[in-house]
Amino acid sequence: MEFELVIVGGGIVGLATALQSLRRKPGLRVAVLEKEPVFARHQTGHNSGVIHSGLYYKPGSLKARNCVAGAARMVEFCREHSIPFDICGKVVVSTDESERAGLDELMRRGTANGVPGLRMIRIEELKELEPHCTGIAAMQVPGTGIVDYSKVAAKYAELIQQSGGQLMTSCEVRGIVKGNSDIVLETTRGAIKSSRVINCAGLHSDRILKLTGEARPYQIVPFRGEYYEIVPERRKLVRSLIYPVADPRFPFLGVHFTRRISGGIEAGPNAVLALKREGYKKTDFSLRDTAETAAYPGFWRMTAKYWRSGVGEYYRSLSKAAFTRALQKLVPEIQSSDLEPAGAGVRAQALDRSGKLLDDFVIVRSDRIIHVCNVPSPAATASLVIGEQIAEMV
Ligand SMILES: Cc1cc2nc3c(=O)[nH]c(=O)nc-3n(C[C@H](O)[C@H](O)[C@H](O)COP(=O)(O)OP(=O)(O)OC[C@H]3O[C@@H](n4cnc5c(N)ncnc54)[C@H](O)[C@@H]3O)c2cc1C
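What comes next concerns the included structure. (Residues numbered from 1 in each chain as written. Predicted model: local features only at pLDDT ≥ 70, side-chain atom pairs only at ≥ 80, totals over all residues. Heavy atoms only, no water.)

1. Looking at the packing of aromatic side chains
Okay, so step 1: Evaluated as defined, the whole model comprises six aromatic pairs.
Okay, so step 2: Between Phe223 and Phe252, the aromatic rings sit 5.1 Å apart at their centres with planes inclined by 55 degrees, giving tilted as the arrangement. Placement of the pair is Phe223 in strand β13 (residues 218-230) and Phe252 in the loop between β14 (241-244) and β15 (256-259), with a sequence separation of 29 residues. The pair Phe223 / Phe252 is uniform in exposure class, with both members buried.
Okay, so step 3: A ring pair is formed by Tyr228 and Phe323, whose centres lie 4.8 Å apart and whose planes are at 70 degrees; its orientation type is edge-to-face. Of this pair, Tyr228 sits in strand β13 while Phe323 sits in helix α9 (residues 320-328), and the two are 95 residues apart along the sequence.
Okay, so step 4: Residue class for Tyr228 comes out buried when judged on its relative accessible area of 11%.
Okay, so step 5: Given a relative accessible area of 2%, Phe323 falls into the buried group. (Phe/Tyr/Trp six-rings, centres within 6.5 Å; stacked < 30°, edge-to-face > 60°. Helix = DSSP H or I, 4+ residues; strand = E, 2+ residues; numbered from the N terminus. Buried < 20%, exposed > 50% of the residue type's maximum accessible area, 1.4 Å probe, protein only.)

Right, here's the structure in full:
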């Protein structure tokens, strides 16, 4: 059990990193360690499945650069490996005057980021694209697509194995000891030695960082995103993807409508603070996770700033009527009876001590270990490009 490179975490980012490392250096002795019995069980297997285009992100940021390039690579990869995808396009719609400036800003950012085909459309054009949607101004993003990221991750895993990489499931990393020449990972499958380590542990990436003895410059705070599904007989209300103008203070996109590649239309996700890092149900609770969040000074600073929005999110989480009202701003005909609960995902969102939710991707290099600290959405879209960058850093 000796490797040149070990990657902790078998989500889409860890797998893409292993794949790109092998492409860069064929024959590399690389292993991916995943604590679950299967890969892609957490964020990668619980997301909206959107191939984002890159209009939300600050020009020049890692998210902006990686999303635009990553989306093109994702489409190319799906084509090459016959993974079903659909470039169905999306509309972003402002529903009152206060959101108009936000929509203009998205246009400005999207144009600066080089998002292809972006354009403001008239309300009549919106009605042609999405007949049941209303608003006062709208933008069309024709390049946005949908895919199943579990399928993409499974293909990455298959290619890693074909290139001689080792995939180890049910292998949880519990300790890390740095020696002079090697790093020893203590795992539930025994000790594993490696010259280099990459931490792609998603919701646990800060804990892996702590195991290396380094100070945590941030903490992962879990935000659950809950979905409803539109009942089959009312799916006609939405053709592809309908988004609101997101609140620019948060790295979340606001509840929206998403067509799934498997069929069906989902509504969501919201963003509620989760009381368990891998807690997919409202009732899930972990004393360790909650105590750790509550003990972090950044959490209270964030709460002092944004408690009002947080309360609103909880209310919408507990009240289906309130969730429906948020959706009715975009599609007034949608009724509570049209929606059925459809699961949830939990975002690994990094928060710093000042109470700031880190907006951009954050990748930190230290002595022989690279920590992938913050890779929330659109990291699934951008996974091939992120993996390539990390492989270059190694
Ligand atoms: C609700 C929601 C909607 C989203 N929608 C989109 C979208 O539409 N488009 C998009 O591009 N992105 C989207 N994202 C973001 C995207 O899903 C994530 O950015 C991406 O999946 C992150 O991948 P990852 O590999 O870093 O994390 P994960 O998939 O969470 O993988 C991390 C892995 O590390 C493993 N692990 C943790 N600790 C250990 C340990 N000690 N030992 C071994 N293994 C360990 C975990 O079990 C897990 O499998 C969404 C995310 C959420 C939650």
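Back to the write-up after that little detour.
2. Observations regarding the site of the ligand
Okay, so step 1: The immediate surroundings of the ligand are formed by 39 residues, with Glu34, Thr44, Val50, Val375 and Thr381 found nearest.
Okay, so step 2: Between the ligand and Ile12 there is a distance of 3.2 Å, counted from an oxygen atom to a backbone nitrogen or oxygen.
Okay, so step 3: Secondary structure elements with two or more residues in the shell around the ligand: α1 (12-24) and β18 (339-352).
Okay, so step 4: For the shell around the ligand, the leading source of residues is α1, giving three residues.
Okay, so step 5: Grouping the amino acids of the shell around the ligand by side-chain chemistry returns 18 nonpolar, 16 polar and five charged. (Near = heavy atom within 4 Å. Polar contact = N/O pair within 3.5 Å; in protein donor to acceptor, adjacent residues only side chain to side chain. Nonpolar A, V, L, I, M, F, W, Y, C, P; charged D, E, K, R; others polar.)

3. Section: the sheet that holds strand β8 (residues 145-147)
Okay, so step 1: Pairing is antiparallel across the open sheet formed by three strands, whose spatial order is β3-β8-β4. Because the sheet does not close on itself, it has two edges, and the strands there are β3 (50-51) and β4 (85-86).
Okay, so step 2: Sheet topology note: the β4/β8 ladder contains two bridges and is antiparallel. Counted as the bridge partner of Phe85 is Val147 from β8. (Pairing = 2+ DSSP bridges.)

4. Considerations on helix α8 (residues 297-318)
Since there are 3.6 residues in each turn of an α-helix, residues three or four apart along the chain are aligned in direction.
Okay, so step 1: Taking 1.5 Å per residue as the helical rise, α8 with its 22 residues ought to reach 32 Å, whereas the 27 Å between its terminal C-alpha atoms falls clearly short.
Okay, so step 2: Along its length, α8 shows its largest kink, about 80 degrees, at Tyr306.
Okay, so step 3: Considered for burial, the residues of α8 that qualify are Gly298, Phe299, Met302, Glu313 and Ser317.
Okay, so step 4: Residues of α8 that are buried in the fold lie against β13, β17 (272-273), α7 (287-294) and β18. (Expected span 1.5 Å × (residues − 1). Bend = angle between axes of the 7 residues up to and from the residue. Contact = heavy atoms within 4.5 Å.)

5. Describing the pattern of salt bridges
Okay, so step 1: Under the criterion given, the structure shown has 33 salt bridges.
Okay, so step 2: Across the salt bridge formed by Arg73 and Glu388, the nearest N and O atoms sit 3.0 Å from each other. You can see Arg73 sitting in helix α2 (residues 62-80) and its partner Glu388 sitting in helix α10 (residues 383-393), a full 315 residues away along the chain.
Okay, so step 3: Classification of Arg73 by relative accessible area gives partly exposed; the value is 24%.
Okay, so step 4: Overall, Glu388 belongs to the partly exposed group, its relative accessible area being 29%.
Okay, so step 5: Sharing partners across several salt bridges, the network here consists of Asp206, Arg207, Arg216, Arg277, Arg288, Asp289 and Glu292. (Salt bridge = Lys/Arg side-chain N within 4 Å of Asp/Glu carboxyl O.)

6. A look at α2
Okay, so step 1: Its 19 residues place the ends of α2 26 Å apart at the C-alpha level, agreeing with the 27 Å of an ideal helix rising 1.5 Å per residue.
Okay, so step 2: Approximately 25 degrees is the largest bend angle found in α2, and it occurs at Gly70.
Okay, so step 3: Among the residues of α2, Lys63, Ala64, Asn66, Cys67, Gly70, Ala71, Met74, Val75, Phe77 and Cys78 are the ones counted as buried.
Okay, so step 4: The positive-phi residue at the C-terminal boundary of α2 is Ser82, with phi of around 55 degrees.

7. A few points about a nonpolar patch on the surface
Okay, so step 1: Residues Leu275, Phe285, Leu287 and Tyr314 make up a contiguous nonpolar surface patch of about 400 Å² in total accessible area.
Okay, so step 2: Residue position: Leu275 is located in the loop between β17 and α7. (Patch = residues over 30% accessible without salt bridge, like charges linked within 9 Å, V, L, I, M, F, W, Y side chains within 5 Å. Areas by Shrake-Rupley, 256 points an atom, 1.4 Å probe, with all protein chains shown as cover.)

8. Side note on the environment of Leu28
Okay, so step 1: For Leu28, the position within the fold is in the loop between α1 and β2 (30-33).
Okay, so step 2: The buried category is assigned to Leu28, whose relative accessible area is 10%.
Okay, so step 3: Considering only alpha carbons, one finds Leu28 and Glu4, 24 residues apart in sequence, at a separation of 6.8 Å.
Okay, so step 4: Once residues within four sequence positions are removed from consideration, Leu28 is found in contact with Glu4, Leu5, Ser21 and Leu22.

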